[in-house]
Amino acid sequence: MATEHDTAAPPVKGGAAPGRRPAGASPEAEKKRARLSRRWQRDMRWSPYAFVSPFFLLFLAFGLFPLIYTGWASLHQVELTAPTDMNWVGLRNYTRIFDDDFFWNAARNTLTIGIISTVPQLLMAMGLAHILNYKLRGSTFFRVAMLAPYATSIAAASLVFVLLFGRDYGMINWALGAVGIDNVDWQNSHWASQFAVSSIVIWRWTGYNALIYLAAMQAIPQDLYESAALDGASRWRQFIHVTLPSLRPTILFTVVVSTIGASQVFGEPLLFDANKGASGGSQHQFQTLGLYLYEQGWVNQHLGRASAIAWTMFLILIVIGLVNSLISRRLRASS
């Protein structure tokens, strides 16, 4: 008895395009199928680039071009009153800002405010994420509430904190007076003003980082916690030996992002003492690099010098990115 063996057709190159001419097809139909096949291949090849092209066009117009033009302006003497009149000065703008004591004061203030705001912020975010990682009643409400400060306007938040840190009638001084501590002049004291500005940053970004840590914690396999519990590890030891090692890439990411954000702090110190404006206090005690740039460009009207400050901040961010890349490679190598 004869047996028929069906053989599978060989794969056709080009996806849905036909690989052989159907029996009885006319030459015109064959040409039409070939044209459709070529059109389909071009569509599959170039459509992804067309979909992402709007982002790159907007980036070129509003990101790359302003960056390059700012670098070009930093090599010229440009005034806000006549932005088209550019006189070549080379690196003079950079040497002038590096010789300016106010620049180094702003750099120190940016560093200290960044440390005061970043370290407590990330520690608090880690603790809140660890609490929310357990089964809590109404956990969805608490997670949404974490994003409320982040969604609040910088202006609104800063104005509220100005009232809280008021010297004569602020709630913070009222609470300190209740325990026998004299009123603190938060706006005119050096460290007190930096702490007050940092508290605004901490309030706005702690919940945001807590949700990032929470998402990373929920991605940790539960088998690791079960194995640690079987070995007799307490919750604290599980957090130290299981949670933290698993969160190392996420912690590094939040540290880098928070550092970049701290180097660009602008709205909080600007609105904390609106009477002083971009000077950052009566003695520039909380003037950051962002405020110093604004003061040089839009108060003193030296756009060339402000462009040099902007490029200096950009180079600082590049250094931060390189350090992040080096630490990431070493962490991956050690793991």
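Right, let's walk through the structure included here. (Residues numbered from 1 in each chain as written. Predicted model: local features only at pLDDT ≥ 70, side-chain atom pairs only at ≥ 80, totals over all residues. Heavy atoms only, no water.)

**Some details on the overall build of the protein chain**
Turning to step 1, where the next piece is worked out: Summing up its helical and strand segments, the protein chain has 14 helices and 2 strands in all.
Turning to step 2, where the next piece is worked out: Against the compact-globule benchmark of 20 Å for 335 residues, the protein chain has a radius of gyration of 30 Å, which places it well outside the compact range.
Turning to step 3, where the next piece is worked out: Taken along the three principal axes of its C-alpha coordinates, the protein chain extends 110 × 70 × 40 Å.
Turning to step 4, where the next piece is worked out: Relative to its 335 residues, the protein chain shows a buried fraction of 33%.
Turning to step 5, where the next piece is worked out: Taking the contacts inside the protein chain whose residues are at least 6 apart along the sequence as the reference set, 65% of them involve residues at least 24 apart.
Turning to step 6, where the next piece is worked out: Here the protein chain has roughly 21,400 Å² of accessible surface; of this, 65% comes from carbon and sulfur atoms.
Turning to step 7, where the next piece is worked out: A gap of 12 Å separates the mean positions of the 27 positive and 19 negative side-chain charges of the protein chain. (Helix = DSSP H or I, 4+ residues; strand = E, 2+ residues; numbered from the N terminus. Rg over C-alpha atoms; globule rule 2.2 N^0.38 Å. Buried < 20%, exposed > 50% of the residue type's maximum accessible area, 1.4 Å probe, protein only. Contact = heavy atoms within 4.5 Å. Areas by Shrake-Rupley, 256 points an atom, 1.4 Å probe, with all protein chains shown as cover. Lys, Arg positive; Asp, Glu negative; His and termini not counted. Charge placed at Lys NZ, Arg CZ, Asp CG, Glu CD.)

**A few points about a nonpolar patch on the surface**
Turning to step 1, where the next piece is worked out: Residues F51, V52, F55, F56, L57, F59, L60, L64 and I68 make up a contiguous nonpolar surface patch of roughly 950 Å² in combined accessible area.
Turning to step 2, where the next piece is worked out: Looking at the element boundaries, L64 is found in helix α1 (residues 27-73).
Turning to step 3, where the next piece is worked out: Given the relative accessible area of 32%, L64 is considered partly exposed. (Patch = residues over 30% accessible without salt bridge, like charges linked within 9 Å, V, L, I, M, F, W, Y side chains within 5 Å. Salt bridge = Lys/Arg side-chain N within 4 Å of Asp/Glu carboxyl O.)

**Brief notes about the nonpolar core**
Turning to step 1, where the next piece is worked out: Among the nonpolar cores identified, the biggest contains 17 residues, and M126, A129, Y213, M217, I220, V242 and L247 are the most heavily contacted of them.
Turning to step 2, where the next piece is worked out: Elements with a minimum of two residues in this core: α3 (101-132), α8 (190-218), α9 (222-230) and α10 (235-246).
Turning to step 3, where the next piece is worked out: If we skip the residues at most four places from it in the chain, M126 touches Y213, M217, F239, L244, L247 and I251.
Turning to step 4, where the next piece is worked out: Of all hydrophobic cores here, the second largest spans 12 residues; its members include I97, L293, A306 and I309. (Core = buried A, V, L, I, M, F, W, Y, C linked by side-chain atoms within 4.5 Å.)

**Here's the deal with unusual backbone geometry**
Turning to step 1, where the next piece is worked out: Phi is positive for H284, which is not a glycine, with a value near 55 degrees.
Turning to step 2, where the next piece is worked out: As for its placement among the helices and strands, H284 is situated in the loop between α12 (267-272) and α13 (289-299).
Turning to step 3, where the next piece is worked out: The backbone of Q301 sits at a positive phi, close to 65 degrees, despite the residue not being glycine.
Turning to step 4, where the next piece is worked out: Mapped onto the elements of the fold, Q301 is located in the loop between α13 and α14 (303-334).
Turning to step 5, where the next piece is worked out: Residue Q301 is classed as partly exposed on the basis of its relative accessible area of 30%.

**Some points on the side chain of S263**
Turning to step 1, where the next piece is worked out: Counting through the fold element by element, S263 comes out in helix α11 (residues 248-263).
Turning to step 2, where the next piece is worked out: Among the polar contacts made by the side chain of S263, one reaches the main-chain carbonyl oxygen of I260 at a distance of 2.7 Å.
Turning to step 3, where the next piece is worked out: Excluding residues within four positions of it along the chain, S263 makes contact with T110, M313 and L317. (Polar contact = N/O pair within 3.5 Å; in protein donor to acceptor, adjacent residues only side chain to side chain.)

**A look at the packing of α3 against α11**
Turning to step 1, where the next piece is worked out: At a minimum axis separation of 9 Å, α3 and α11 run at an interaxial angle of 145 degrees. For the pair α3 and α11, the crossing hand works out as right-handed. Note on element contacts: α11 touches α3 through I251, T254, V255, S258, A262 and S263, opposite T110, G114, T118, Q121, L122 and M126.
Turning to step 2, where the next piece is worked out: Taken together, the residues of the contact of α3 with α11 sort by class into 5 nonpolar, 7 polar and no charged. (Axes fitted to C-alpha atoms, helices over the stretch in contact; angles between N-to-C directions. Left-handed = near helix turned anticlockwise from the far one by under 90°. Nonpolar A, V, L, I, M, F, W, Y, C, P; charged D, E, K, R; others polar.)

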